[in-house]
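Listed below are the residues making up each chain.
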Amino acid sequence: MQSTVKPIRPWAASPRDRALTATSVALSVLASFLVVAVTPMKGKLAYAFVFFIAWLVIDSVLVIRKSGMKGVRDGLAAKITLLGGALVMMAVASILWSVISRGIKGINLAFVTENMRQASLFDPIGKGGILHAIFGTVLLIVIAIIFSVPMGILTALYLTEIKGRAAGLIQFLVQAMSGVPSVVAGLFIYAAIILNTPLRASSFLGGLALTILMVPTVTRTAQEVLNLVPRDLREAGLAMGATQWKTVALVVIPAARSGLITATILGVARIAGETAPLLFTVGTFDSYNFNPVKGENTAIPIIVWRALNGGSPESVQRAWSAILVLLIVVLALFIAARALGTKAMKK
Amino acid sequence: MSVASPTKVTPPARTITTKPRVSDQIFRGIVTAFSFSALVILSLIALFLFLKGFSTLRAQGFGFITHFEWSITTDDAGKEAAHFGLQAMLIGTVVISFIALVIAVPLSVLTALFLTFYAPNAVKKLLITVIDLMAAFPSILYGLWGYFVLMPMAEYWAKLLHKWLGWIYIFNVPEPVFTRSPFIAGIVLSVMIIPIITSVSREVFSQTPLDRVQAAYALGSSKWGMIRAVVLPFGAGGVVGGSMLGLGRAFGETVAVYSVLNIVFRTNFHILFTQGGNVASMIIQKFGEAGKTEISALIAAGLVLFILTLLVNFAANFVVTRTVKSGR
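Rules used throughout
- Residues numbered from 1 in each chain as written.
- Chains lettered and ligands numbered in written order.
- Predicted model: local features only at pLDDT ≥ 70, side-chain atom pairs only at ≥ 80, totals over all residues.
- Helix = DSSP H or I, 4+ residues; strand = E, 2+ residues; numbered from the N terminus.
- Rg over C-alpha atoms; globule rule 2.2 N^0.38 Å.
- Buried ≥ 20, exposed ≤ 12 C-beta atoms within 10 Å, placed from the backbone.
- Contact = placed C-beta atoms within 7 Å.
- Domains from an automatic or database assignment.
- Nonpolar A, V, L, I, M, F, W, Y, C, P; charged D, E, K, R; others polar.
- Core = buried A, V, L, I, M, F, W, Y, C linked by C-beta atoms within 7 Å.
- Pairing = 2+ DSSP bridges.

### Overview of the overall build of chain B
Right, so step 1: Helices and strands together make up the secondary structure of chain B, namely twelve helices and two strands.
Right, so step 2: Starting at the N terminus and walking to the C terminus, you meet the elements of chain B as α-α-α-β-β-α-α-α-α-α-α-α-α-α.
Right, so step 3: A compact globule built from 328 residues would reach a C-alpha radius of gyration of about 20 Å, whereas chain B, at 28 Å, exceeds it by more than 25%.
Right, so step 4: Sorting the 328 residues of chain B into buried and exposed places 46% on the buried side.
Right, so step 5: For chain B, long-range pairs separated by at least 24 residues make up 77% of all intrachain contacts whose partners lie at least 6 apart in sequence.

### What to know about the domain arrangement of chain B
The figure often quoted for interface size is the accessible area lost as the parts come together.
All names here are of chain B.
Right, so step 1: By the assigned domains, chain B splits into domain 1 (23-83) and domain 2 (87-326).
Right, so step 2: A straight line from the C-alpha centre of domain 1 to that of domain 2 covers 27 Å.
Right, so step 3: With 19 residues of domain 1 at the interface, the matching set in domain 2 holds 16 residues.
Right, so step 4: Partitioned by chemical class, the residues of the side of domain 1 that touches domain 2 number eleven nonpolar, five polar and three charged.

### Regarding the interface of chain B and chain A
Right, so step 1: At the interface, 66 residues of chain B touch 70 residues of chain A.
Right, so step 2: Top element by residues in the side of chain B that touches chain A is helix H2 (residues 37-60) of chain B. It accounts for ten residues.
Right, so step 3: Within the side of chain B that touches chain A, the residues separate by chemical class into 45 nonpolar, 16 polar and five charged.

### Let's talk about the domain arrangement of chain A
All names here are of chain A.
Right, so step 1: When the domains of chain A are assigned, the result is domain 1 (17-104) and domain 2 (112-346).
Right, so step 2: On the side of domain 2, five residues touch domain 1, which itself brings five residues to the contact.
Right, so step 3: Looking at the side of domain 1 that touches domain 2, its residues break down into three nonpolar, one polar and one charged.

### Topic: the nonpolar core
Right, so step 1: Membership of the largest hydrophobic core comes to 192 residues, with the highest contact counts inside it found for Leu 187, Ile 300, Val 304, Ala 322 and Ile 323 of chain A together with Leu 141 and Val 188 of chain B.
Right, so step 2: At 17 residues, the largest contribution of residues to this core is made by helix H4 (residues 87-118) of chain B.
Right, so step 3: Other than its neighbours up to four places away in sequence, Leu 187 of chain A contacts Phe 280 of chain A together with Leu 49, Ile 283, Ile 299 and Gly 302 of chain B.

### Digging into unusual backbone geometry
Right, so step 1: One non-glycine residue, Lys 163 of chain A, lies in the positive phi region at around 45 degrees.
Right, so step 2: By secondary structure assignment, the location of Lys 163 of chain A is in the loop between helix H4 (131-162) and helix H5 (167-177).
Right, so step 3: On the neighbour-count criterion, Lys 163 of chain A (10 C-beta atoms within 10 Å) is exposed.
Right, so step 4: For Arg 180 of chain B, which is not glycine, the phi torsion reads 45 degrees and is therefore positive.
Right, so step 5: Inspection of the secondary structure puts Arg 180 of chain B in the loop between helix H6 (139-165) and helix H7 (182-206).

### Side note on the environment of Ile 253 of chain A
Residues and elements named next belong to chain A.
Right, so step 1: Tracing the backbone through its elements, the reader meets Ile 253 in helix H9 (residues 244-255).
Right, so step 2: C-beta crowding within 10 Å serves as the criterion here: with 16 such atoms nearby, Ile 253 is assigned to the partly exposed category.
Right, so step 3: Separated by 62 residues in sequence, Ile 253 and Ala 191 place their C-alpha atoms 37 Å apart.

### Describing the pairing of strand E1 (residues 70-74) of chain B
Residues and elements named next belong to chain B.
Right, so step 1: With five bridges joining them, E1 and strand E2 (residues 80-84) adopt antiparallel strand pairing. Paired with Ser 71 across the strands is His 83, a residue of E2.
Right, so step 2: In sequence, E1 turns back onto E2 through a hairpin of five residues, with Gly 78 there showing a positive phi of about 80 degrees.

Spelled out as structure tokens, the structure:
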């Protein structure tokens with residue numbers, strides 16, 4: 001009769017360990033109810049606070065017989081890191097929940113199919129919509145893509161393919177550029193163009209301001225993706241007698257294509273919600289403006305900004321609904337980038 | 001018949017050159033030219049902000065960053081008297097960003113440790129996606145959330161802090177008004193910079209050399225013992241760098257802070273009191289009704305902000321790249 005030795009797993013939780021964990025959690029819940037009932041501390045905060053402290057204490061007491069102080073410290077560390085992660089998740093959940101629950105009330109057919117020409121931010125919900133702002137945002141994004149994608153990808157190509165003498169410097173500057181505050185980008189376009197040339201606030205200038213914010217994101221993501229393209233492919237291209245230009249254009253870029261699209265999408269997600277630069281460079285408008293270089297225009301963040309500062313219940317409702325639309329756009333972009341990104345990695 | 005000895009034919013030697021073809025030269029030229037766009041843009045920003053803000057900088061001199069008065073008056077003769085000083089705003093910016101760091105750094109480090117060493121794989125993947133997503137939230141969303149959702153809660157926390165710790169100077173308030181305070185702005189900023197600090201810390205933690213981790217375990221260390229002895233010393237530089245990147249973001253944040261902060265030109269260290277300053281938000285606040293002189297002052301304020309964030313970012317990138325590369 002043959003028998004294989006069953007591997008033991010001393011680190012896995014035994015039924016006894018599980019029972020202990022369950023006991024300590026149950027005891028702490030009990031303790032939190034007791035304390036809140038007896039002492040003057042009240043509210044959700046008190047429950048959470050007492051529960052966590054009780055859990056730390058009770059679990060430590062249960063563990064100390066088995067593992068001593070070392071085990072206690074280990075357990076404390078595990079719980080406190082869990083607490084940190086949980087707090088961060090609570091903040092995200094609170095943000096998402098408030099946007100969805102409050103924003104959904106103002107979403108109706110008119111809100112996404114009409115403009116504000118016949119309505120003001122203070123009219124009852126159901127009158128007027130933000131389609132013109134959605135169009136304005138798309139226009140801004142297209143303009144920003146036209147400028148920033150070539151700039152970003154060519155910079156990334158310099159850093160990965162040519163690796164020239166200035167590569168270190170350029171890398172450094174791109175990282176510094178990613179820290180330029182958005183308000184400074186807007187102020188710069190205002191100071192450089194609106195104060196110096198006859199051009200006035202328009203989608204084009206807004207797109208330029210957003211380009212400054214988008215280039216670093218595109219560059220860094222594109223650089224990462226291009227670095228993933230195997231060296232063999234480049235060497236194979238060169239060994240077949242192709243010039244560097246042909247190798248890059250026909251081998252490297254096609255191999256990294258979906259990754260480069262990811263880079264573009266991440267850049268768009270970065271700028272889609274920018275507000276501050278648009279206040280200097282785009283202005284505001286109540287209807288469609290199809291001319292990118294002439295006349296003020298609007299965008300979803302501008303609508304949110306104005307509605308938020310409007311202050312009346314209707315305008316605040318519009319702000320929540322508009323930000324929900326914006327968030328859905330950003331989320332969709334983000335999911336698309338993820339999907340393409342994982343596809344690129346697998347290949 | 002004898003076979004004629006073969007005549008020796010020497011083929012002409014091919015010239016071997018490392019000189020790139022013309023097409024490559026053009027390609028390299030274009031790519032190199034575009035790669036300097038970052039340099040060009042950064043210098044143009046500095047140049048134009050300086051040019052347009054120069055009149056203010058010359059008129060106000062060093063007082064532009066040491067005075068805290070911001071006023072422009074026109075007397076009967078039509079002569080403008082302008083006093084522009086950023087001191088209150090600069091100090092306010094630092095105070096808010098510091099509060100944000102105090103809250104965000106511990107939370108981010110704990111989250112990063114949880115993600116790297118404690119979380120089960122499925123949870124880990126989900127959390128990483130959520131944190132990446134958090135970084136992509138529009139800043140005005142944080143402003144809305146901060147004003148309508150966080151502020152009522154944070155006001156309550158502020159009252160608690162004031163009740164129990166009010167004897168400490170910074171938690172004291174001249175009047176019991178707790179809304180729109182630097183404290184609340186700091187919390188909003190901390191939520192905004194947590195994704196940055198968390199992702200940098202996580203990256204550094206996950207690069208801890210496996211042999212050191214296993215050595216710690218082999219010596220009988222518990223998980224926390226291993227983290228304290230190996231991971232934290234290894235990752236400290238990355239955490240510092242990540243925090244500075246977060247600080248840079250916090251310095252330049254505009255609309256979110258504007259929504260939750262009462263901007264007053266007075267230096268205030270009572271962080272729970274409804275009075276604070278922030279350079280970026282001040283620019284937005286004053287820009288709407290600014291005349292020519294004031295716009296120049298606002299542009300100069302933008303220049304100060306630009307230089308400040310650039311310095312912080314330079315330092316942060318220096319720290320991060322040095323730690324990540326040297327692995328020590």
